[in-house]
Amino acid sequence: MKLSACIEWLFSDASDDFVQRIHLAKQAGLDAVEFWRWSNKDIAAIEAALRETGMPLSGFLAEPMISITDPANHAAFLDGLKQSAALAQRLGATVLIAQAGNDQPGVSREDQHRALVSGLEASADILAGTGVRLGLEPLNTVIDHPGYYLSSTREALNIVDEVGRPEIGIVFDLYHSHIMGEAIDDVLAGRVSRVVHAHVADHPGRNDPGSGEIDLGRRLAWLYDNGYEGAVGLEYRPLNGTANGLEKVRAALSVDSAAS
């Protein structure tokens, strides 16, 4: 299992220097790093740190972060996607993360669904041949993202299947899915190949895996047993420092221990 540190949160307790967190992730024995926005980062410094450490970059957000549920935003999103994809190729990342945007008042879900499909179809055309895939991410609307359009993994998969392009998949966040009451073997049955990236955190608190109620090891075992081959993004808020908790995090996520 390849563990990718989201350095927006991980190692922030040890260093205010964002680039230094890449070195700290390497020292901690993690397999890759990832982050959120790229437009507010020193890309040259990140590129140098990735090269110095040999750390792969799993992915980052496709910018601008605007609602794809609104067709009026598509031109700006697609222009930004071209820049995001070019940067992903430069830095060696294979995944860009897209968020659907908020539910638009007065606009039917059917119309917003069609807007998402058309926007993602155009996105696939841009990404074709780049080696970069775009992952549409469902988010929980109960705690963290009230008003967000896409809270259902099954609905996200239906959108991806309607687009029908290999460049487009989903990001499956086990924390968000749990909050929405989903069972992994139900919502992903037969469609694990559409998952381009996974995220983990525990509940309550969105803290370290193993600190709460989610059986993350069992769920990851199911995901890998059913064909997932990607990285697991550690996107959680460390309770007592990142390095201090990593041994327990690894144990909580262990596919082997969960399957035995």
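Each remark here, short or long, concerns the structure printed above.
Residues numbered from 1 in each chain as written. Predicted model: local features only at pLDDT ≥ 70, side-chain atom pairs only at ≥ 80, totals over all residues. Heavy atoms only, no water.

## Looking at the sheet that holds strand β7 (residues 195–200)
The strand order around the closed barrel formed by 8 strands is β1-β2-β3-β4-β5-β6-β7-β8, and the pairing between neighbours is parallel. Between one strand axis and the next, the sheet turns by 30° as a mean value, whatever way the strands run. Bridge count between strand β2 (residues 32–34) and strand β3 (residues 57–61): 2 bridges; the pairing is parallel. Opposite V33, over in β3, you have L57 as the bridge partner. (Pairing = 2+ DSSP bridges. Helix = DSSP H or I, 4+ residues; strand = E, 2+ residues; numbered from the N terminus. Axes fitted to C-alpha atoms, helices over the stretch in contact; angles between N-to-C directions.)

## Brief notes about the nonpolar core
Residues F11, V33, F60, L96, L134, L188 and L234 are the most contacted members of the largest nonpolar core, which totals 79 residues. With 7 residues, the top contributor of residues to this core is helix α3 (residues 74–91). Filtering out sequence-adjacent residues up to four positions away, L188 remains in contact with T153, L157, I170, F172, V195, W222 and L223. By size, the runner-up hydrophobic cluster in this structure holds 5 residues, among which are L61, V95, V171 and V196. (Core = buried A, V, L, I, M, F, W, Y, C linked by side-chain atoms within 4.5 Å. Buried < 20%, exposed > 50% of the residue type's maximum accessible area, 1.4 Å probe, protein only. Contact = heavy atoms within 4.5 Å.)

## Quick look at the environment of G241
Among the structural elements, G241 can be located in the loop between β8 (232–234) and α9 (242–253). Its relative accessible area of 14% is what places G241 among the buried residues. Once the C-alpha coordinates of G241 and L10 are considered, the two residues, 231 residues apart in sequence, prove to be 8.3 Å apart.

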